[in-house]
Amino acid sequence: MINLSKAAANEIRRLQATRQKLDSQLRLKVEAGGCSGLFYLLEFDENPPVKEIVCNSNGISIVVDAESYKFLEGLNIDYSEDLMGGGFRFHNPNATDTCSCGNSFAKKKLS
């Protein structure tokens, strides 16, 4: 399961409205790169493939491909603002290391 805080869900709704994509689902992916080896990618998807994993949290549908889900199961996403601006904060129980930006992580070895 992937969980969104209320603040994260509200920010996603705001972004959907700003982009006029109110019916879109949030796509969450993991891609190679970043400071620690892997990074999170968030985007909106209006027509996700049927075989995707779908999690629902605080009224938001989150679409994840099976390969990314291996790294994301149990992920908590929050949203907060500070002096540097606003951003999503990822709390991943599968990460062994994160970089200071918080958007890149290293993974535990899968057995």
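Residues numbered from 1 in each chain as written. Predicted model: local features only at pLDDT ≥ 70, side-chain atom pairs only at ≥ 80, totals over all residues. Heavy atoms only, no water.

Enquirer: Teacher, can you tell me more about the nonpolar core here?
Expert: Buried together is how nonpolar side chains tend to be arranged in soluble globular proteins. Ranked by size, the top nonpolar core spans 23 residues in total, and within it I2, L28, I62, L72, L75, I77 and F88 carry the most contacts. For this core, the secondary-structure elements that each account for two or more residues are α1 (6–18), β2 (25–32), β3 (38–45), β5 (60–64), α2 (66–72), β6 (76–82) and β7 (85–91). Counting residues per element, this core draws most heavily on α1, which supplies four residues. (Core = buried A, V, L, I, M, F, W, Y, C linked by side-chain atoms within 4.5 Å. Buried < 20%, exposed > 50% of the residue type's maximum accessible area, 1.4 Å probe, protein only. Helix = DSSP H or I, 4+ residues; strand = E, 2+ residues; numbered from the N terminus.)

Enquirer: Would you mind showing me how to read the sheet that holds β6 here?
Expert: Within a sheet, adjacent strands bond to each other through the backbone by hydrogen bonds, running parallel or antiparallel. The three strands lie next to each other as β1-β6-β7, forming an open sheet whose pairing is mixed. Each end of this open sheet is capped by a strand with a single partner; those strands are β1 (3–4) and β7. Sheet topology places β1 next to β6; two bridges connect them, and they run parallel. Following the sheet pairing, L4 is matched in β6 by I77. Packed on one face of the sheet, α1 meets β1, β6 and β7 and runs near 75° to β6. (Pairing = 2+ DSSP bridges. Contact = heavy atoms within 4.5 Å. Axes fitted to C-alpha atoms, helices over the stretch in contact; angles between N-to-C directions.)

Enquirer: Sorry, what's going on with the environment of L75 here?
Expert: Secondary-structure assignment places L75 in the loop between α2 and β6. Residues contacting L75, with those up to four places away along its chain left out, are M1, I2, N3, L28, Y40, F90, H91, N92 and P93.

Enquirer: Would you explain the side chain of S24 in this entry?
Expert: Looking at the element boundaries, S24 is found in the loop between α1 and β2. You can call S24 buried: its relative accessible area is 6%. If we ignore the near neighbours within four places in the chain, the residues touching S24 are Q16, F44, D45 and E46.

Enquirer: Any chance you could explain the packing of aromatic side chains here in plain terms?
Expert: The relative placement of two aromatic rings is captured by the distance of their centres and the angle of their planes. Using the criterion set out here, one finds two aromatic pairs in the structure. Between Y40 and F90, the ring centres sit 4.1 Å apart and the planes meet at 10°, which makes this aromatic pair stacked. Of this pair, Y40 sits in strand β3 while F90 sits in strand β7, and the two are 50 residues apart along the sequence. Per residue, the accessibility class of Y40 equals that of F90, and both read buried. Summarising the aromatic geometry, the rings of Y79 and F88 are spaced 5.2 Å apart at their centres and angled 65° between planes, so their arrangement reads as edge-to-face. Judged by relative accessible area, which is 15%, Y79 ranks as buried. (Phe/Tyr/Trp six-rings, centres within 6.5 Å; stacked < 30°, edge-to-face > 60°.)

By themselves, these are just geometric observations and shouldn't be taken as functional.
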